[in-house]
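# What the coordinates show
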Amino acid sequence: MNIAKLDRRWPDRPEPDNIVELRKIRLDYGPLTVLHDVDLAIRKGETVAIIGPSGSGKTTLLRCINYLARPTAGEVWVGGHLVGQVEKGSKLHAASEGILRLHRLETGMVFQQFNLFRNMTVLENVMYAPMACGVASKEEARERATTLIGRVGLASKLSALPHELSGGQQQRIAIARALAMQPKVMLFDEATSALDPELAREVLEVMRELAREGMTMVVVTHEMGFARNVADRVVFMENGRIVDDGPPELIFSDKAPQRIQSFLNH
Amino acid sequence: MSDLGQTLILYLQGTLQALILLVVSGVLSVLIGLCFMVVDLAGHKITSFILHIYSWLAQTTPPLILLFLAFYGSTWAGWNVSPIVAAIVAFTFFAAAYYYEIFRAAYEGVPPGQAEAARALGIPYFSFVRSILLPQVLRIASGPLIGRTTVLFKETSLASAISTGEIMSVANGRIYAGGNPLVHVLIAGAIYAAINIALIRIERRLSAKVTYK
């Protein structure tokens, strides 16, 4: 009998329905603890809104899902794979940036500042990642990209450069760019915070459509309308902890804890 | 008449040699400057410190001293180095520092979120640098780069001090041979001006082709 095998503490896989599972995620910046042993599971097809005051750790938690932020401790599971750690000699080690790259193929992310590639046209922005990552040929990538750009309503802008687009249009292209990698889960980091209400609305419309089509989504947002009307679940965070987690009907009702009510009515 | 013809040929040769000096040391120092930028970005403390010292030295030492160091220094060390090779070494040594600073400043001008977006998409770092970062750095750097290159071209005239055969050496030679100093200085000046105007034209063309913020 292999003693090493008995001895090793390989963590249990999450249930197959859980696209994302965070276990005891802790993150320290020096003496400051930003996340305190956070647990969160997100099921396939679910749209989860994360709300809470500034500095509560929402964005950091989101960035732990694709390891743009490295947790100090804890496990991140996406699509049944452990993210950011590799097994070597029956022990878990921190993954290199090269391996993380492969782990990140299952998550798509949309940023507050859009972050489109400025030297590329709209079409190239959406085509580039599938080609560079070797998951699609040039023809496939082009086909995927044109379809997705059409879906976000910008088929007429294929050859425009990012600076020729409005903020709302840029963000819709950023969503298409993330979708082109066919991720299992989409992460939205305050995707509408840099936009005025009118432009935010067109981006929220795309997100709502995506949720309706059954995409699994984690949405850090200040848009309470979206959290209330689109999300299946709302997670309220404060001081690096999840304070409450439930359906929007509950979180946005007078049965919610006093702290949440006062945050929502401030 | 044959004297005029000879002078013309000498100036053509001089121009050719100045252009060789410019192109070889220019291309070398742009490449080295880019490498230094990449090394600096890797962010290792010791390499960054060495780069800063180098950059400071190269920019504060008069080019003429560097030329003499390269030429007489190599002779003193027992190497038989031709003046033009010594000139290329000296020009590359200090021009690379200027280009490195230009590239570093250009890099600062590339909006930082794009690197993070590329990581989130799983794009390999090398692909990101080649297809996204470098095109933008070069675009931002193109103006100052050409500007510095026109200065470098004017600085090639200093190579006459170690008896290469470029434009200024030809002018000097003609003057010593009894030519009218004013005429020859004007001819040399006109050649520098013409080539620099051409350089600036090329830069305008290039930047008109790709305009984005």
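Since this is a predicted model, take the numbers as computed values, not measurements.

## What about the environment of Gly122 of chain B?
Following the sequence through the fold, Gly122 of chain B ends up in the loop between helix 5 (113-121) and helix 6 (125-155). In the structure, Gly122 of chain B is positioned 98 residues away from Val24 of chain B in sequence and 38 Å away in space, judged by C-alpha atoms. Contact partners of Gly122 of chain B, with chain neighbours within four places excluded, come to Arg101, Leu105 and Cys133 of chain A.

## Examining the sheet that holds strand 4 (residues 73-78) of chain A
Residues and elements named next belong to chain A. As summarised here, the arrangement of the 4 strands in space is 2-1-4-5, forming an open sheet in which the pairing is antiparallel. Two strands close off the open sheet at either side, each with one partner strand: strand 2 (32-43) and strand 5 (81-82). Bridge count between strand 4 and strand 5: 2 bridges; the pairing is antiparallel. Looking at the pairing, Val78 lines up with His81 of strand 5.

## What about the packing of aromatic side chains?
Geometrically, a pair of aromatic rings is defined through the distance of the ring centres and the angle of the planes. One pass over the full model with this rule turns up 10 aromatic pairs over all chains. Relative to Phe93 of chain B, the ring of Tyr54 of chain B has its centre 5.2 Å away and its plane inclined at 80°; by these criteria the two rings are edge-to-face. Of this pair, Tyr54 of chain B sits in helix 2 (residues 45-60) while Phe93 of chain B sits in helix 4 (residues 83-108), placing them 39 residues apart in sequence. Taken together, the ring pairs connect Phe36, Tyr54, Phe93 and Tyr100 of chain B into an aromatic cluster. Over the face of the ring belonging to Phe117 of chain A we find Arg177 of chain A, whose NZ or CZ atom lies 4.6 Å from the ring centre. Lying over the aromatic face of Tyr98 of chain B, Arg148 of chain B brings its terminal NZ or CZ to 3.9 Å of the ring centre.

## Remarks on the confidence of the model for chain A
Of the residues in chain A, 96% have a pLDDT of 70 or more, and the chain-wide mean is 92. Note on residues 1-8 of chain A: pLDDT is under 50 here. Beyond four places in sequence and across chains, it has 3 contacts.

## A closer look at the pattern of salt bridges
Residue and element names in this part refer to chain A. Following the criterion strictly, the structure yields 19 salt bridges over all chains and no others. Linking Glu97 and Arg104 is a salt bridge whose minimum nitrogen-to-oxygen distance equals 3.0 Å. Arg104 sits in the buried class, given a relative accessible area of 2%.

## Comments concerning the interface of chain A and chain B
With 26 residues of chain A at the contact, the number on the chain B side is 22 residues. In this assembly, chain A packs against chain B so that about 2,000 Å² is buried in total across both faces, 62% of it on carbon and sulfur atoms. At the junction of chain A with chain B, the criterion picks out 2 salt bridges. For Arg119 of chain B, the salt bridge identified is with Glu97 of chain A, shortest N-O distance 3.1 Å. The interface formed by chain A and chain B includes 9 residue pairs in polar contact (both at pLDDT 80 or more). At 3 residues, helix 4 (residues 122-132) of chain A tops the list of elements feeding residues into the side of chain A that touches chain B.

## Re the packing of helix 4 of chain B against helix 6 of chain B
All names here are of chain B. Axis separation between helix 4 and helix 6 bottoms out at 8 Å; the angle between their running directions is 145°. In this structure, helix 4 crosses over helix 6, and the sense of that crossing is right-handed. Contact with helix 4, carried on its side by Phe91, Phe94, Ala95, Tyr98, Tyr99, Ile102, Phe103, Ala106 and Tyr107, involves Leu133, Val137, Leu138, Ile140, Ala141, Pro144, Leu145, Arg148, Thr149, Leu152 and Glu155 of helix 6 and no other residues of that element.

Conventions and cut-offs
- Residues numbered from 1 in each chain as written.
- Chains lettered and ligands numbered in written order.
- Predicted model: local features only at pLDDT ≥ 70, side-chain atom pairs only at ≥ 80, totals over all residues.
- Heavy atoms only, no water.
- Helix = DSSP H or I, 4+ residues; strand = E, 2+ residues; numbered from the N terminus.
- Contact = heavy atoms within 4.5 Å.
- Pairing = 2+ DSSP bridges.
- Phe/Tyr/Trp six-rings, centres within 6.5 Å; stacked < 30°, edge-to-face > 60°.
- Lys NZ or Arg CZ within 6 Å of the ring centre and 35° of its normal.
- pLDDT = per-residue confidence, 0-100.
- Salt bridge = Lys/Arg side-chain N within 4 Å of Asp/Glu carboxyl O.
- Buried < 20%, exposed > 50% of the residue type's maximum accessible area, 1.4 Å probe, protein only.
- Buried area = accessible area lost by both parts, 1.4 Å probe.
- Polar contact = N/O pair within 3.5 Å; in protein donor to acceptor, adjacent residues only side chain to side chain.
- Axes fitted to C-alpha atoms, helices over the stretch in contact; angles between N-to-C directions.
- Left-handed = near helix turned anticlockwise from the far one by under 90°.

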